[in-house]
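Breakdown of the fold
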Amino acid sequence: SLSFLVSTTTLAQTAPDYDALIKQAHQKYKNNNDGKVADYIPALATYSPQNFAITIATVDGKIYQTGDVKKAFPMESLSKVFTMALAMEQHGPKEVLDKLGANATGLPFNSGLAVELTKGAPENPLVNAGAMSTVSLVEAKDKTDRWNKILNNLNAWADASLTVNEPVFKSEMDTNQHNQALAQLMESYNSFYGDTREAVEIYTRQCSVDVTTEQLAKMGAVLANNGKSPYTGKQLLNEKYVPQVLAEMAIAGLYDGSGKWLYTVGLPAKSGVGGGMVAVVPGKYAIAVYSPPLDSAGNSVRAQQTIEYVAQATQSNLF
Ligand code: DON
């Protein structure tokens, strides 16, 4: 019985073989051609549906990766998490709850109906309405300062000097009438906290910031590590607020796919229509995956499959 104890103890202490797991997932899902590359932002339609990259970043600062890890992609909705964290750091979780909310809409990420049904309340900071409202809530002297605060915050989380993908930004600015309408609809109900034109433009710019899966995984690892970057040692978010950020991700990170995701995988996560996705395993690791083809809710198909595979193999379901 002593040898039994010794062997189970050894097993429990062995770190999962992240390197093998991500390679298995890449092999398993690379030929799955389900989903469709986003084209409502014309510049996104130019990305290859074959692009596929996986990175795991652990709280002890290790990186494991495979696939097209040099290929950068626009953050799109992934950016919403980190600007929400900035707003929370500035104003605290009560104000985020009161002004931006923490409920699912049950409707698509850019739904005008959702805003109309609540008389202007965006419901949460991760749908487009709530994310633009979040940008308007960031404390800043002027437009330049607002953008600098948002970009500097993304840079600190990613441990990198991120840049705007200008063709994607121009393409989205030319075609973002729906988002302009959402912002004005909220303003008409007094639930916008700044100039709509400025907030829509800065929101669009933050969505156009390029990242790699390594940078995105490092951003997720800050949340996995109680708000402190395992890479720079900087406390980027008050550790008391981390559960609220993760709760918002659980509620709406995959939009109308969030409930099914929580039911099957059980991890807070966030997607973007550029094909990126990140999931957080508190105290352990974050996993970022990039592959452009999306399901009908706007979430990368291969990313969801990969994260589910790794989460199951590492017994990471929080419930
Ligand atoms: O506003 C938009 O429509 C895009 N900039 C972002 C949407 C998005 O990424 C939704 N995600 N899955």
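Here the structure is a predicted model, which is why all the values come from computation and not from measurement. (Residues numbered from 1 in each chain as written. Predicted model: local features only at pLDDT ≥ 70, side-chain atom pairs only at ≥ 80, totals over all residues.)

A word on helix α11 (residues 213-224)
As a reminder, the rule being used: Helix and strand labels come from DSSP, where a helix needs a run of H or I of at least four residues and a strand needs a run of E of at least two; each type is numbered from the N terminus. By this rule the span expected of a helix is its residue count minus one, scaled by 1.5 Å. Partly exposed residues are those whose C-beta has more than 12 but fewer than 20 other C-beta atoms within 10 Å; with 20 or more the residue is buried, with 12 or fewer it is exposed, and the C-beta atoms are placed from the backbone.
The end-to-end C-alpha distance of α11 is 16 Å, a good match for the 16 Å that 12 residues give at a rise of 1.5 Å each. Inspection of α11 places Thr213, Glu214, Gln215, Leu216, Ala217, Lys218, Met219, Gly220, Ala221, Val222, Leu223 and Ala224 among the buried residues, and these make up the whole buried set. Once α11 finishes, Asn226 follows within two positions and takes phi at roughly 60°, a positive value.

As for the environment of Phe319
Along the polypeptide, Phe319 turns up in the segment after α14 (301-313). With 52 residues separating them along the chain, Phe319 and Leu267 place their C-alpha atoms 8.7 Å apart.

Notes on the site of the ligand
Filter applied, for reference: Residues are classed as near a molecule or strand if the C-beta position derived from their backbone is within 6 Å of it. Three categories are distinguished: nonpolar for Ala, Val, Leu, Ile, Met, Phe, Trp, Tyr, Cys and Pro, charged for Asp, Glu, Lys and Arg, and polar for the others, with Gly belonging to the last.
Taken together, Glu76, Ser77, Phe109, Asn110, Asn128, Glu172, Asn179, Cys207, Ser271, Gly272, Val273 and Gly298 make up the full set of residues adjacent to the ligand. Class assignment of the residues belonging to the shell around the ligand gives a composition of three nonpolar, seven polar and two charged.

A word on the confidence of the model for the protein
This is how the line gets drawn: On a scale of 0 to 100, pLDDT captures the predictor's confidence in every residue.
For the protein, the average pLDDT comes to 95, and 96% of its residues sit at 70 or higher. As a predicted assembly, this complex carries a pTM of 0.95 together with an ipTM value of 0.98.

Structural notes on the nonpolar core
For soluble globular proteins, nonpolar side chains are generally found buried alongside one another. Using the following cut-off: As used throughout, a nonpolar core is a set of buried Ala, Val, Leu, Ile, Met, Phe, Trp, Tyr and Cys residues joined through C-beta atoms within 7 Å of each other. Throughout, a pair of residues is in contact if the C-beta atoms placed from their backbones lie within 7 Å.
Ranked by internal contacts, the top residues of the largest apolar core, which has 98 residues, are Val245, Val278, Ala279, Ala286, Ile287 and Ile307. The element best represented in this core is helix α3 (residues 78-91), accounting for eight residues. Not counting the four nearest positions on each side in its chain, Ala286 is found in contact with Ala57, Ala217, Gly220, Ala221, Leu223, Ala224, Val278, Ala279 and Val280.

Re unusual backbone geometry
Despite not being glycine, Glu76 shows a phi value in the positive range, around 50°. One can find Glu76 in the loop between β3 (73-74) and α3. Classification of Glu76 as buried rests on a count of 24 C-beta atoms within 10 Å.

Things to note about helix α10 (residues 196-207)
Here α10 is 12 residues long and its end C-alpha atoms lie 16 Å apart, about the 16 Å a rise of 1.5 Å per residue gives. The element α10 is largely enclosed, with a buried count of 10 among its 12 residues. Of the residues making up α10, those classed as buried are Thr196, Ala199, Val200, Glu201, Ile202, Tyr203, Thr204, Arg205, Gln206 and Cys207. Of the surrounding elements, those touching the buried residues of α10 are β3, α3, α6 (128-137), α7 (143-158), α8 (166-174) and α9 (177-188).

Focus: the UniProt feature "binding site: substrate" (unreviewed entry) in the protein
The criterion, for reference: UniProt positions are given in the numbering used here, feature names are shortened, and annotations may be inferred rather than shown by experiment.
What UniProt calls "binding site: substrate" (unreviewed entry) maps, in this numbering, to Ser77, Asn128, Glu172, Asn179, Tyr203, Tyr255 and Val273. Those residues in contact with Glu172 that sit more than four places away from it in its chain are Ile41, Thr204, Cys207 and Ser208. As for its position among the elements, Tyr203 is in helix α10. When sequence neighbours within four positions are dropped, the list of residues in contact with Tyr203 reads Ala131, Met132 and Val135.

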